[in-house]
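This is what each chain is made of:
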Amino acid sequence: MTSRTADAFLFFRAWLSAPLRVASVTPSGRALSSLMTTEISADTGTVIELGPGTGVFTEALLNRGVAEENLVLVEYGAEFANQLSDRFPTAKTVQMDATQLRKLPLHAFAPVGAVVSGLPLLSMPLRKVHAILEGAFSHLRPGGAFYQFTYGPKCPIARPLLDRLGLKATYVGCTLANIPPAAVYRISRRRPRRTFEPAHQDLMFDGQKAPS
Ligand SMILES: C[S@@+](CC[C@H](N)C(=O)[O-])C[C@H]1O[C@@H](n2cnc3c(N)ncnc32)[C@H](O)[C@@H]1O
């Protein structure tokens, strides 16, 4: 049995025992793995991966030039976490709930350039999604981004939640060569709004002096 077939079996068994957590009967394919990591390179620095499963995105990150020791793999399922630590021994694999990400001490891994999420956000309550995003952005450096895929027709993070956290979603692309087809979004911090500060107190109204 090839490791790909063994991974497909492991994934399917995990889905049978925890369908809501695993949320898919099969690991993501190559096309989605490539799209998820398209903006990531060796220059990104540390990458946190949430819900790596059998490690298809992890492999793609290594192929993009990210060093294995710059990977932090956060996986809830013991069946996947054990395999990930065997397969990627120099990455840091942590078996935990991604909603607790904020508490994970990652000072030695700073700066974190990207978070790659395979989490089934659409099947999670809003408060969990909130905790995951807040935790992720507490570790991300300024300019760092959170990548999320979805099988749905729009970004899986609701607009009011993005607004509350000062974040924005940008469509990266979609692939029909995945079962099912999937889209990828980049979630990043909004730029702080620039406030108009006149150089001189008496300069107002489109650069003209205020009438006295
Ligand atoms: C849809 S699968 C994606 C797996 C892999 N990234 C892929 O694309 O093939 C979801 C993964 O997220 C993990 N997961 C679900 N909820 C989680 C949580 N709260 N914390 C950490 N991992 C979680 C599951 O165990 C599973 O590995």
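Conventions and cut-offs
Residues numbered from 1 in each chain as written. Predicted model: local features only at pLDDT ≥ 70, side-chain atom pairs only at ≥ 80, totals over all residues. Heavy atoms only, no water. Helix = DSSP H or I, 4+ residues; strand = E, 2+ residues; numbered from the N terminus. Buried < 20%, exposed > 50% of the residue type's maximum accessible area, 1.4 Å probe, protein only. Contact = heavy atoms within 4.5 Å. Areas by Shrake-Rupley, 256 points an atom, 1.4 Å probe, with all protein chains shown as cover. Lys, Arg positive; Asp, Glu negative; His and termini not counted. Charge placed at Lys NZ, Arg CZ, Asp CG, Glu CD. Salt bridge = Lys/Arg side-chain N within 4 Å of Asp/Glu carboxyl O. Core = buried A, V, L, I, M, F, W, Y, C linked by side-chain atoms within 4.5 Å. Arc of directions from axis to C-beta. 1 Å grid on protein atoms, 1.4 Å probe; cavity = no way out; pocket = protein on both sides within 12 Å on 5 of 7 lines; lining within 4 Å. Points joined across faces, edges and corners; volume = space filled by probe spheres on them. Nonpolar A, V, L, I, M, F, W, Y, C, P; charged D, E, K, R; others polar. Phe/Tyr/Trp six-rings, centres within 6.5 Å; stacked < 30°, edge-to-face > 60°. Axes fitted to C-alpha atoms, helices over the stretch in contact; angles between N-to-C directions. Parallel < 35°, antiparallel > 145°, perpendicular 65-115°, else oblique. Polar contact = N/O pair within 3.5 Å; in protein donor to acceptor, adjacent residues only side chain to side chain. Pairing = 2+ DSSP bridges.

1. Some remarks on the overall build of the protein
Then step 1. In terms of helices and strands, the protein carries seven helices and nine strands.
Then step 2. Structurally, the protein occupies a C-alpha span of about 85 × 35 × 30 Å along its principal axes.
Then step 3. Per-residue burial over the protein gives 42% buried out of 212 residues.
Then step 4. Counting contacts in the protein only where the partners sit at least 6 residues apart, residues at least 24 apart contribute 64% of the total.
Then step 5. By element, 55% of the accessible surface of the protein is carried by carbon and sulfur atoms, the whole surface being about 11,800 Å².
Then step 6. Side chains of the protein give 23 positive and 16 negative charges; the mean places of these two sets differ by 6 Å.

2. Examining the pattern of salt bridges
Then step 1. Summed over all chains, the structure comprises six salt bridges.
Then step 2. A salt bridge links Arg87 to Asp7; the shortest N-O distance between them is 2.9 Å. In this pair, Arg87 sits in helix H5 (residues 78–87) while Asp7 sits in helix H1 (residues 3–17), placing the two residues 80 residues apart along the sequence.
Then step 3. Residue Asp7 is classed as buried on the basis of its relative accessible area of 10%.

3. Re the nonpolar core
Then step 1. Counting 30 residues, the largest nonpolar core has Ile48, Leu50, Val74, Phe146, Ile157 and Ile187 as the members making the most contacts within it.
Then step 2. No other element matches helix H6 (residues 126–139), which puts five residues into this core.
Then step 3. Residues in contact with Ile48, not counting those within four places in the same chain, are Val72, Val74, Leu101, Leu106, Val112, Ala114, Val115, Val116 and His139.

4. Remarks on helix H4 (residues 56–63)
Then step 1. Those residues of H4 lying buried are Phe57, Thr58, Ala60 and Leu61. In an axial view of H4, the angular spread of the buried residues amounts to 160°, which keeps them on one side of the axis.
Then step 2. The elements touched by buried residues of H4 are helix H3 (30–36), strand S1 (46–50), strand S2 (71–75), H5, strand S4 (112–117) and strand S5 (140–150).
Then step 3. One or two positions beyond H4, positive phi appears at Gly65, with a value near 105°.

5. With respect to the layout of surface pockets
Then step 1. Of the volumes computed, that of the largest pocket is approximately 770 Å³.
Then step 2. Together, 38 residues line the largest pocket, and Arg21, Val22, Gly118, Leu119 and Pro120 are the ones closest to its centre.
Then step 3. For the lining of the largest pocket, the secondary-structure elements that each account for two or more residues are helix H2 (19–22), H4, S2, H6 and S5.
Then step 4. Here the lining of the largest pocket is built from residues that sort into 23 nonpolar, eleven polar and four charged.
Then step 5. Together, 17 residues line the second largest pocket, and Arg4, Ser28, Arg30, Val56 and Glu59 are the ones closest to its centre.

6. Some remarks on the packing of aromatic side chains
Then step 1. Summed over all chains, the structure comprises six aromatic pairs.
Then step 2. Ring plane angle 85° and centroid distance 5.8 Å describe the contact between Phe57 and Phe149, whose orientation is recorded as edge-to-face. Within this pair, whereas Phe57 is found in helix H4, its partner Phe149 is found in strand S5, the two being separated by 92 residues in sequence. Residue Phe57 shares its accessibility class with Phe149, and that shared class is buried.
Then step 3. An aromatic cluster of at least three residues, connected via ring pairs, comprises Phe57, Phe149 and Tyr151.

7. So, the packing of H1 against H5
Then step 1. Between H1 and H5, the shortest axis-to-axis distance is 10 Å and the interhelical angle comes to 155°. Judged on the interaxial angle alone, H5 and H1 are roughly antiparallel. Touching Ser3, Asp7, Leu10, Phe11 and Ala14 of H1 are Glu79, Phe80, Gln83 and Arg87, all from H5.
Then step 2. Across the contact of H1 with H5, the residue classes break down as four nonpolar, two polar and three charged.

8. Looking at the side chain of Thr46
Then step 1. Position of Thr46 relative to the elements: it lies in strand S1.
Then step 2. For Thr46, the side chain forms a polar contact with the main-chain oxygen of Phe109, separated by 2.5 Å.
Then step 3. When sequence neighbours within four positions are dropped, the list of residues in contact with Thr46 reads Asn70, Val72, Phe109, Pro111, Val112, Gly113 and Ala114.

9. Digging into the sheet that holds strand S7 (residues 182–189)
The strands making up a sheet associate through hydrogen bonds between their backbones, and the pairing can be parallel or antiparallel.
Then step 1. Taking strand neighbours across the sheet as the criterion, the seven strands line up as S3-S2-S1-S4-S5-S7-S6 in an open arrangement whose pairing is mixed. Sheet topology places strand S3 (92–95) and strand S6 (167–175) at the edges, where each strand pairs with a single neighbour. Between one strand axis and the next, the sheet turns by 20° as a mean value, whatever way the strands run.
Then step 2. In this structure, S1 lies alongside S2, joined through four bridges in parallel fashion. Pairing of Val47 across the sheet is with Leu71, part of S2.
Then step 3. Lying over the sheet, H6 contacts S1, S4, S5, S6 and S7, oriented at roughly 145° with respect to S5.

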